[in-house]
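Chain by chain, the residues run as shown.
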Number of protein chains: 2
Amino acid sequence: MSVLIVGSTALDSIKTPKAENPRLLGGSASHAAVAASFFSPVKLVGVVGDDFPRRYLQLYKRHGIDLEGLQVLPGNTFHWSGEYELNMNNRRTLLTELGVFETFTPTLPRGHQNSPFVLLANIAPGLQHHVLNQMQRPRFVAADTMDLWLNIALQDVLKLLKRLDAFVLNDSEAHQLTKEDNVFAALKKIHRLGPKYVIIKKGSHGSILSSPRGFFICPAYPLHKVVDPTGAGDAFVGALMGYLATAKGAVDENIRRGMIYGSVVASFCCEGFGLTRTTQITREQINARVKELEKLTRF
Amino acid sequence: MSVLIVGSTALDSIKTPKAENPRLLGGSASHAAVAASFFSPVKLVGVVGDDFPRRYLQLYKRHGIDLEGLQVLPGNTFHWSGEYELNMNNRRTLLTELGVFETFTPTLPRGHQNSPFVLLANIAPGLQHHVLNQMQRPRFVAADTMDLWLNIALQDVLKLLKRLDAFVLNDSEAHQLTKEDNVFAALKKIHRLGPKYVIIKKGSHGSILSSPRGFFICPAYPLHKVVDPTGAGDAFVGALMGYLATAKGAVDENIRRGMIYGSVVASFCCEGFGLTRTTQITREQINARVKELEKLTRF
């Protein structure tokens, strides 16, 4: 089955202590779509300007990503610029130019409206609602968010939570949403807001799933060097959804292994700037790291 | 086989946002010894003053801990006082009264000198050396440390590292020692300083082992509420050493499961002030949480 992915499609200018890379392909939907494409067909919904490099469209296509839902509008593509500190954990935004994103309204082509798996990657929660409103009866809906929306559009996020099967957020966002320092206490509170599956991402510390079958402690793949963590969280949830869309059996039976695949694709993402590393990998390389993670956690 | 444990034996006055508990039994050796006692016989080496409450001696004895190496000297027991912030992660020391600890020299009774398993729990590295100098030929030596010794006695720590089989430290100490932000890069550097086994503790994020058989990603047991994390790291390494001392087979085959037992005993430690919770548990309760961790990490 295919995954419909809506989110931001952007040009990212990323500065680290060691390098500077202007106008890389980025955005939550780009990272999630490429990650999902290793597992299932992907339909991308987003918007870019007429400055969007053709090579990036080709990159999507090489990954078999359906671009019927990608609007190309007159104007500039959303441009984000950020700088990482030496430890690669803290980053600050240098620049946000919304461009065509400012007035974007995602409109689903008819063929997209019955997609069974829907990933509402990080984007304004109003737009996430708008996409859901156009869907017929999706089998499984997951959403990601960011601190900004918890600050300026909390009511929209809370309404969205009631429409989701799965909600994915990072630990600082979970704290922001629940005021709980303890991740397990936060998970409990988020369940009460709606979603049956809640995943809290903890960067290099892995992630935690809370589900009807209980908790799952998902490790991060060990990396000796992080080149650029931008998009790793999007890659994680993209790969998870791609895996779920094609795995046989119920979500409950597959979601743990899906998170492991998510961890692995996220680890590749961190090994290069933007999508440069992720776009080079093969399903065999992904499977090899999954096998490694099996060994690294066995006791 | 038995474990010889040297470290601090103290009275801890612990303040959290919710409660204040004066003069609890504490110290690295106390926490490690009680944790190890669930798995193997323990010989404690330390010093207390003549103010040391008799009920704490009885507590050690109830856990079958051999006190022949515990000196009782005229003067006050080492007294530490600390306060935790609301998130229970940050703590500050309010008071450190060394008392009889100031002039303490650990002297091993003859029967202690051939102990096969030795845990040099957190204490001045000079004293850790002094204990090793009295040992005949221990089979497995592990040590813990703290930021203070890395600051004021780094050369002693570096010399100690060459005498160890295993070194256990937390992530901030690993950063302090190696200047590496990346935990796997730090592990590599610490191996070069001597120890074959290096374990980096990450609190609620679990711990990472680097060993001849590769890495092991060890989860923390999920706790919804932390009452007092004091001594959890000592409990972790104490239980690990107790497990190793009695498990059949080579250390390499047992150390992963030993860390899981360490995680579990550390989780109980966090559920009460000082040793109050740890002293109440049974081996059956420990085994039950180990089984839970198996389920929580399976994929």
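To be clear, the structure that these remarks concern was listed above.
Residues numbered from 1 in each chain as written. Chains lettered and ligands numbered in written order. Predicted model: local features only at pLDDT ≥ 70, side-chain atom pairs only at ≥ 80, totals over all residues. Heavy atoms only, no water.

Participant: I'd like to hear about the sheet that holds strand S10 (residues 166-170) of chain B, residue by residue, with values.
Facilitator: Residues and elements named next belong to chain B. On the basis of which strands lie adjacent, the open sheet formed by nine strands has the order S5-S4-S1-S8-S9-S10-S11-S12-S13 and mixed pairing. At either margin of the open sheet sits one strand with a lone partner, and together these are strand S5 (65-73) and strand S13 (214-218). Sheet twist, expressed as the mean angle between neighbouring strand axes with direction ignored, is 15 degrees. Bridging between S10 and strand S11 (residues 197-201) involves five bridges; their strand directions are parallel. Along S11, the bridge assignment pairs Ala 166 with Tyr 197. Together, strand S1 (3-6), strand S8 (117-120), strand S9 (140-144), S10, S11 and strand S12 (207-211) form the strand contacts of helix H8 (residues 232-246), whose direction differs from that of S8 by roughly 170 degrees. (Pairing = 2+ DSSP bridges. Helix = DSSP H or I, 4+ residues; strand = E, 2+ residues; numbered from the N terminus. Axes fitted to C-alpha atoms, helices over the stretch in contact; angles between N-to-C directions. Contact = heavy atoms within 4.5 Å.)

Participant: An account of the relation of the copies chain B and chain A is needed here, citing residue identities and associated values.
Facilitator: Taken as rigid bodies, chain B and chain A are interconverted by a rotation of 180 degrees and an axial shift of 0.0 Å, the fit giving an RMSD of 0.0 Å. The transformation just described matches what one would write down for a two-fold rotation axis. Judged by C-alpha distance, B:His205 is the residue of chain B that lies nearest the rotation axis, at 3.0 Å. Interface overlap between copies is the fraction of interface residues in one copy that are interface residues in the other; for chain B against chain A it reaches 100%, indicating a shared surface. (Least-squares fit on C-alpha atoms with pLDDT ≥ 70 in both.)

Participant: Describe in detail the pattern of salt bridges, supporting the description with residues and values.
Facilitator: Here the idea is simple: oppositely charged side chains can pair when their charged atoms come close. For the coordinates displayed, the defined rule picks out 18 salt bridges over all chains. In this structure, A:Arg213 and A:Asp252 form a salt bridge, with 3.6 Å as the shortest nitrogen-oxygen distance. Taken as a pair, A:Arg213 in the loop between strand S12 (207-211) and strand S13 (214-218) and A:Asp252 in helix H9 (residues 251-270) lie far apart in primary sequence, 39 residues in all. A residue is classified by how much of its surface remains accessible, and A:Arg213, at 52% relative accessible area, is exposed. Here B:Glu271 ties to B:Arg289 by a salt bridge, and the two come within 3.0 Å at their closest N and O atoms. Placement of the pair is B:Glu271 in the loop between helix H9 (251-270) and helix H10 (283-297) and B:Arg289 in helix H10, with a sequence separation of 18 residues. Through salt bridges with shared partners, a single network forms among A:Arg213, A:Asp252 and A:Glu253. (Salt bridge = Lys/Arg side-chain N within 4 Å of Asp/Glu carboxyl O. Buried < 20%, exposed > 50% of the residue type's maximum accessible area, 1.4 Å probe, protein only.)

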